[in-house]
Every structure is written in structure tokens, then in C-alpha cells.
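Descriptive structure summary
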Amino acid sequence: MTGPGTNVSQACAACKHQRRKCAPDCPLAPYFPPHRQAEFLNVHKLFGIRNIINAVKTVDPNQREIVVRSMIEEAELRVMDPVGGSCGMVKSLYDKCEQVKVELDMVFQQLAICRAKSKNVEVRRGVRSFYDNLMPRHPGNGALRPPRNNIEISKKTSVKNENDGVEALQIGVNEEKGAKKMRNIDINKESREIEENDLDKEDVKQ
Ligand SMILES: [Zn+2]
């Protein structure tokens, strides 16, 4: 153990380096025991023995350990980076934070793109499902039938609605009616005139 009461043979690292007797009231003995010789040499090289002792004596006893620890770490950083020292370490960490912020922004942008793509896929599925429902189906196997006839009927009825000035809205409605008309034609051709008449009546109502 070191500290107050340390004899000459167990001199603290500071007294050993100064080649002097380590007094019982040596102010550096509690913080630089003999096995911390390397740490003391770093601190001594950066601050000098007088500044070390002054720094320890000018603060409260309960803060002296913190002061010495701070000086040791600063001296070690100076050894690691003789040019920048602790300031170089702070700058390095600051630059790393800025780099991480840039990467984080890129991740958020990619996330926004993925979310937008996912939303577009859902919209496309909804539109496809909507038009699948509009297309006529074979009465036997339920397979989709070519929409060409459906379109022709739609054109036929949409001409009427152009006069109403709401063509875009009416096209969808007319296609649905056209699909209904095509299915009725396939199932029972005799009902064609009846179905068309019914649809024409609905168009007149609109
Ligand atoms: Zn000493």
C-alpha cells in the first residue's frame, strides 16, 4: 500500500522519479503509487511536477482523484496523438457523429422510398382488383373474358355522358354496366334487349 506513511523503499512514482524521500504527507502518493510509474511519466511530461502538485492542492480533497484521473487521460491522449491530443480525440468523435448523422439520413430516405413503393403496390393491387371486377367472366369456369367487347359498349354509353360533362366519372360506371351487359348476353341472348333497355333507362335517370 502507498500513501501517507509510505517509506523510502516504497516511494510513490512521483518521488521515485524525483529521487527524493516520499514523506508521509506526500500529496501525490495516494494517486501515483509505484506501479503507476508510466502514467506519472506521461503526466509529468505534459504538465510538469509543480503544476501537478498545484492542481492537486487547489481543489477539494474529494475532487483530487478526479483531477488526477483527468490529467492522466489527457496525457495518454497526448501520447497517442502528439499533435491533436485530447482536442484531436474530440474532433475525431465529432466527425464520427456527423458521419453517423449522414448515414442515418440516408437510412431514413431509403425507408421513405420503401414505404412509398409499398404504398404504390397496394394502390396498383386495388386498381387491378377494381378492373378485374369490371371485366366479364365466363359463366362456366369464371375465367376473365377479353375486355374488348366491354370497351366497345363502354364507348357507346360514354358518348352519352360526355354531354353531361362528367365523362371521367361516367366511364367507370358505364364499363361496369357494360360488363353486366356482356355477361347477360352470354348466359341468355334473348335477354340482351331487355338488359340493354334497363341500362339505357338507368343512363337516362343519371
Ligand atoms: Zn511521494
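The shown structure was predicted, so the numbers you read here are calculated from the model rather than taken from an experiment.

Below, the discussion takes up the coordination of the zinc ion. Each pair of donors in an ideal octahedron of six around a metal sits at 90 or 180 degrees, and each pair in an ideal tetrahedron of four sits at 109.5 degrees. Looking at the zinc ion, one finds its protein donor set to be C12 (SG), C15 (SG), C22 (SG) and C26 (SG), positioned 2.2 to 2.4 Å from the metal centre. Coordination geometry of the zinc ion: the four donor atoms subtend angles of 104 to 115° at the metal centre, consistent with an arrangement described as tetrahedral. In the primary sequence, the donor residues of the zinc ion line up as C-x2-C-x6-C-x3-C. Taken together, the residues span a long stretch of sequence, with C12 in the segment before helix 1 (13–18) and C22 in the loop between helix 1 and helix 2 (37–47) at a distance of ten residues. Judged by its relative accessible area of 0%, C12 is buried.

The next point concerns the pattern of salt bridges. The final tally for this structure, using the stated rule, is four salt bridges. For E98, the salt bridge goes to K101, with nearest N and O atoms at 3.6 Å. Of the two residues, E98 and K101 both sit in helix 5 (residues 85–134), three residues apart, roughly one turn of that helix. When its relative accessible area of 32% is taken as the criterion, E98 is described as partly exposed. What makes K101 partly exposed here is its relative accessible area of 49%.

Packing of helix 4 (residues 64–80) against helix 5 leaves a shortest axis separation of 7 Å and a crossing angle of 80°. With respect to their mutual orientation, helix 4 and helix 5 come out roughly perpendicular. Packed against helix 4, whose contacting residues are E74, L77 and R78, the element helix 5 presents G85, S86 and M89 at the interface. Of the residues contributing to the contact of helix 4 with helix 5, the split by class is two nonpolar, two polar and two charged.

Cut-off values and rules
Residues numbered from 1 in each chain as written. Predicted model: local features only at pLDDT ≥ 70, side-chain atom pairs only at ≥ 80, totals over all residues. Heavy atoms only, no water. Donors = N, O, S within 2.8 Å, 3.2 Å for Na, K, Ca; no water. Tetrahedral: all angles 85-135°; square planar, octahedral: opposite > 155°, others 65-115°. Helix = DSSP H or I, 4+ residues; strand = E, 2+ residues; numbered from the N terminus. Buried < 20%, exposed > 50% of the residue type's maximum accessible area, 1.4 Å probe, protein only. Salt bridge = Lys/Arg side-chain N within 4 Å of Asp/Glu carboxyl O. Axes fitted to C-alpha atoms, helices over the stretch in contact; angles between N-to-C directions. Parallel < 35°, antiparallel > 145°, perpendicular 65-115°, else oblique. Contact = heavy atoms within 4.5 Å. Nonpolar A, V, L, I, M, F, W, Y, C, P; charged D, E, K, R; others polar.

No statement about biological role is implied by the geometric values presented.
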